[in-house]
Amino acid sequence: MTDSSFYKDKKILLTGHTGFKGTWMCHVLKEMGARVTGYALKPPTVPSLFELSGMEKKIYSVEGDIRDLNHLRQVFEQVQPEIVIHMAAQPIVRESYKNPVYTYDVNVMGTVNVLECVRECSSVRSFLNVTTDKVYKNREWEWGYRENEELNGYDPYSNSKSCSELITESYRNSFFGDGRAAISTARAGNVIGGGDFATDRIIPDCFRAIQSEKKIAVRNPHSTRPYQHVLEPVFAYLLIARKQYEDLKYAGSYNVGPGEESCLTTEGMVTEFCSRWNQTADDSLTWYQEGEAGPHEAGFLKLDCAKIKKDLGWKPKWDSKEMIARTVEWMYAYVQGEDVGEVMKKQIGDYLK
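Just so it is clear, the model here is predicted, and its values are computed rather than measured.

The rules behind the values
Residues numbered from 1 in each chain as written. Predicted model: local features only at pLDDT ≥ 70, side-chain atom pairs only at ≥ 80, totals over all residues. Heavy atoms only, no water. Phe/Tyr/Trp six-rings, centres within 6.5 Å; stacked < 30°, edge-to-face > 60°. Buried < 20%, exposed > 50% of the residue type's maximum accessible area, 1.4 Å probe, protein only. Lys NZ or Arg CZ within 6 Å of the ring centre and 35° of its normal. Core = buried A, V, L, I, M, F, W, Y, C linked by side-chain atoms within 4.5 Å. Helix = DSSP H or I, 4+ residues; strand = E, 2+ residues; numbered from the N terminus. Contact = heavy atoms within 4.5 Å.

Caption draft 1: A look at the packing of aromatic side chains. Counted under the stated rule, the structure contains 14 aromatic pairs. Note on Tyr136 and Tyr145: the rings are 5.5 Å apart at their centroids and 10° apart in plane angle, and the pair reads as stacked. With relative accessibility at 2%, the residue Tyr136 sits in the buried group. Taking relative accessible area as the criterion, Tyr145 reaches 0% and is therefore assigned buried. Between the NZ or CZ atom of Lys10 and the centre of the ring of Phe6, over which it lies, the distance is 4.2 Å. Above the ring of Tyr254, the side-chain terminus of Lys307 is found at 4.6 Å from the ring centroid.

Printed below as a string of structure tokens:
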């Protein structure tokens, strides 16, 4: 499932590299010996995993906005990437209700700009657009959505990502029929792991509660999500990018989600987190249901990942207990003042065993 040697000395351009998931991707690519160029705005949170792990000193990091087509073109021309992984986005549902125009501008026109640069840059052989499980029209089904289901996200974030999927398909059909570059999208479930400090996400909320010595406030305890550790989609993305680089037949759209046992309610997730944290830190962390649920979010969401398992041989490695244990491991190391970059390196190594 993993061929680290493929990425040695490959020129990779990664948008959104200063974010939580982007920083983990940078670490994995550096461990594989890739030549990484990152293109993104400054880290979106304080503190930031990108800075805490020292990643800005380990790759070629370009500060830029994917809405700036001319600057993006210059970077493509300079770097001449072989593989482009597009992760830059406005990724928060509740933020998209506050700033819908900005959300659409980044997630829609930003995708157009990146694809336009891929179209103009002859060195690119493989392009992957990272979207979300929320691109599907959510019917609150109890079974997982498949890649051929209707795309029509409800809120501005989800809908903008549905648009990003359609844009990618249009570019694939219109400009890459000659097979010069393979074009794919990946729709991942909810991601957790050490170093996520974003607002309006449950694991960062847990961490802020720990720091403030308060109970964890949970808005929607009965919502079910396909939770997975951040390394699961990161390695899935790299597998897709590699396989389609080697053979165009693998280009397409892929769901990336956990096994059935890891589709947890928010209540189940937080309860296990508290239990694991209290064992690790000798603490008494608890949670409560917050009265105000906030704007609409999907109640039940699950992915059918049969396609990526069958076509690419991918499968998740860490179950729900392991992914929470690894997240707590990182958080406890951070609280203790340890080198979190080394913790990440250890966890990557453990994942690959």
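Caption draft 2: Main features of the nonpolar core. Within the largest apolar cluster, 78 residues are counted, with the highest numbers of intra-cluster contacts made by Tyr7, Trp24 and Phe273. With ten residues, helix 8 (residues 231–246) is the largest single contributor of residues to this core. Residues in contact with Trp24, not counting those within four places in the same chain, are Leu49, Gly194, His229, Val230, Leu231, Val234, Trp330, Met344, Gln347 and Ile348. Core analysis: the next-biggest nonpolar cluster, separate from the first, contains 25 residues, Phe76, Phe127, Phe176 and Ile183 among them.

Caption draft 3: A look at the side chain of Gln228. Mapped onto the elements, Gln228 comes out in strand 10 (residues 228–229). On the basis of relative accessibility, which here comes to 2%, the residue Gln228 falls in the buried class. Ignoring anything within four residues of it in the chain, the contact list for Gln228 reads Ala188, Gly189, Asn190, Val191, Ile192, Pro233, Val256, Gly257, Pro258 and Met323.

So yeah, pure geometry; function would need other evidence.
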